[in-house]
Amino acid sequence: MTDGSRNANGLSGWLRGWRPAVSMASRNLRRNRMRTVLAVLGVCIGVLAVAALGIFGNVLALGADDAIGDIGTQVVVSPNTDAGVESLSDADVASIRRAVGEPAVIPLYSDSATVARQGDQTFATVYGIEEPALAYEAAEGRLPERHRQGAILGAGIAEDLGAGAGDTVEIAGSQVRVIAVLVESQTFSPVAPDDAVFLPESAFSADGYAQALVVADSGAEARAAADAIREAVNAREKRVDLFELAALVDEINEFFDLLSTFLLGLGAISLVVAGVSILNVMLMSTVERRQEIGVMRAVGVARRDVLRVLLAEAGLIGAAGAAAGTLLTVLLVAGLVAATPAVDAALVLDPTNGYYLLLALGFGVGVGIVSGAYPAWKAANERPVEALRN
């Protein structure tokens, strides 16, 4: 006989041994329906708490990640004024480009000016930029590969002035045609494009750049770029300061990880209470059926068979409660999505939320089995003579 055949026969025999145990356990639970229902309800509430709180915490984290967008992919490089560096030179920008490699490096001139149109005016930061398309996207108009003429308005400035692509705005007393309006920014950065105007570099007469924006494809690449700039540009003296947006994202993610863990802990407390309830039910059941168990042992029922029956009872309670709790969680979350338009259904349907359903389901079944283990062991190991005496 091959090893495969032995394994198959062993599994078949194991299942045959549990089949009558499960059948008898189901009959025993039906004998005291109210107690069984209350125990199942306890597990159901615990599973609902674990799954629902886990999913809610995960949805919050996914929503925050979606809201902050790609801020972790940017590094803002500024001159270190404490060291007497007032601006970034061409040599500094070249050193930054050599250090970071692939990520785009976009140097920026910076000033401030009043921007007006048809009697409306606002105060804005004005940047000089050569390659705006490397860092931004246009909601109206088109961003040129090389910015030679015209103004690019941030979404906030355009809304305040009621301006769009093709309109003319007055910047520091000069009439400039708007060639594009940027998409509203989803990032937090010292370079705030929504409240800014972007002009060609030729509009500035400054000796050096105010900042350089490093745009990477991922947070890991941005962190690597920041480290490379420190090693290359700040090797002899600290010429530049770095604002790493990836560090901010990491802190936000750590907060939501902590929040999810806290919420899961709250739900787990409910399951522990349910486990105590099952333990109490099984202990009471074994005490009430002590003579019945004694008769089973006296007529030759093996100790392991008694153990199987009682473990099957606890497992059925846990499984029924876990299944009901999982179903209620799905219905609760679906109701929340239907009743709250602000909740994005795509976040709720994210596959990662399935982990919390499976976790709660497995935890519920496990709590039932673990809680029933001691009463089952105690009953199975009691001497038949002692059990029949009462």
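Model, not experiment: these values are computed from the prediction. (Residues numbered from 1 in each chain as written. Predicted model: local features only at pLDDT ≥ 70, side-chain atom pairs only at ≥ 80, totals over all residues. Heavy atoms only, no water.)

**Some details on the overall build of the protein**
When you go through the protein residue by residue, the secondary structure sums to eleven helices and ten strands. Considering the protein as a whole, with its 390 residues, one finds that 43% of them fall into the buried category. Expressed as a percentage of contacts within the protein between residues at least 6 apart in sequence, the contacts between residues at least 24 apart total 79%. (Helix = DSSP H or I, 4+ residues; strand = E, 2+ residues; numbered from the N terminus. Buried < 20%, exposed > 50% of the residue type's maximum accessible area, 1.4 Å probe, protein only. Contact = heavy atoms within 4.5 Å.)

**Comments concerning the packing of aromatic side chains**
Throughout the structure, instances matching the rule amount to five aromatic pairs. Between Y127 and F198, the ring centres sit 5.5 Å apart and the planes meet at 25 degrees, which makes this aromatic pair stacked. With a gap of 71 residues between them, Y127 in strand 3 (residues 120-128) and F198 in strand 8 (residues 196-199) connect regions that are remote in the sequence. Comparing Y127 with F198, the two get one shared label, buried. For the pair Y355 and Y356, a centre-to-centre distance of 5.0 Å together with 75 degrees between the ring planes defines the contact as edge-to-face. Site record: aromatic cluster; members linked through ring pairs are Y109, F204 and Y209. (Phe/Tyr/Trp six-rings, centres within 6.5 Å; stacked < 30°, edge-to-face > 60°.)

**With respect to the UniProt feature "transmembrane region" (unreviewed entry) in the protein**
UniProt records the feature "transmembrane region" (unreviewed entry) for residues 36-56, 262-285, 306-334 and 354-374 in the present numbering. End C-alpha atoms of residues 306-334 are separated by 42 Å, and the span's content is 100% helix alongside 0% strand. Between the end C-alpha atoms of residues 354-374 the distance is 32 Å, and the span holds 100% helix and 0% strand. (UniProt positions renumbered as here; feature names shortened; annotations may be inferred.)

**Some details on a negative patch on the surface**
Together, D120, E159, D160, E184 and D195 line one region of the surface with negative charge. By the secondary structure assignment, D195 is in the loop between strand 7 (174-182) and strand 8. (Patch = residues over 30% accessible without salt bridge, like charges linked within 9 Å, V, L, I, M, F, W, Y side chains within 5 Å. Areas by Shrake-Rupley, 256 points an atom, 1.4 Å probe, with all protein chains shown as cover. Salt bridge = Lys/Arg side-chain N within 4 Å of Asp/Glu carboxyl O. Lys, Arg positive; Asp, Glu negative; His and termini not counted. Charge placed at Lys NZ, Arg CZ, Asp CG, Glu CD.)

**Concerning helix 5 (residues 219-232)**
Compared with an ideal rise of 1.5 Å per residue, which puts 14 residues at 20 Å, helix 5 spans 20 Å between its outermost C-alpha atoms and is within 8% of the ideal. Among all positions of helix 5, only A222, A225, A226, A228 and I229 are buried. Axial view of helix 5: buried residues confined to an arc of 165 degrees, hence all on one face. Summarising the geometry of helix 5, the exposed residues directed more than 90 degrees from the buried face are A220 and E231. Contact partners of the buried residues in helix 5: strand 1 (74-79), helix 3 (90-100), strand 9 (211-215) and strand 10 (240-244). (Expected span 1.5 Å × (residues − 1). Arc of directions from axis to C-beta.)

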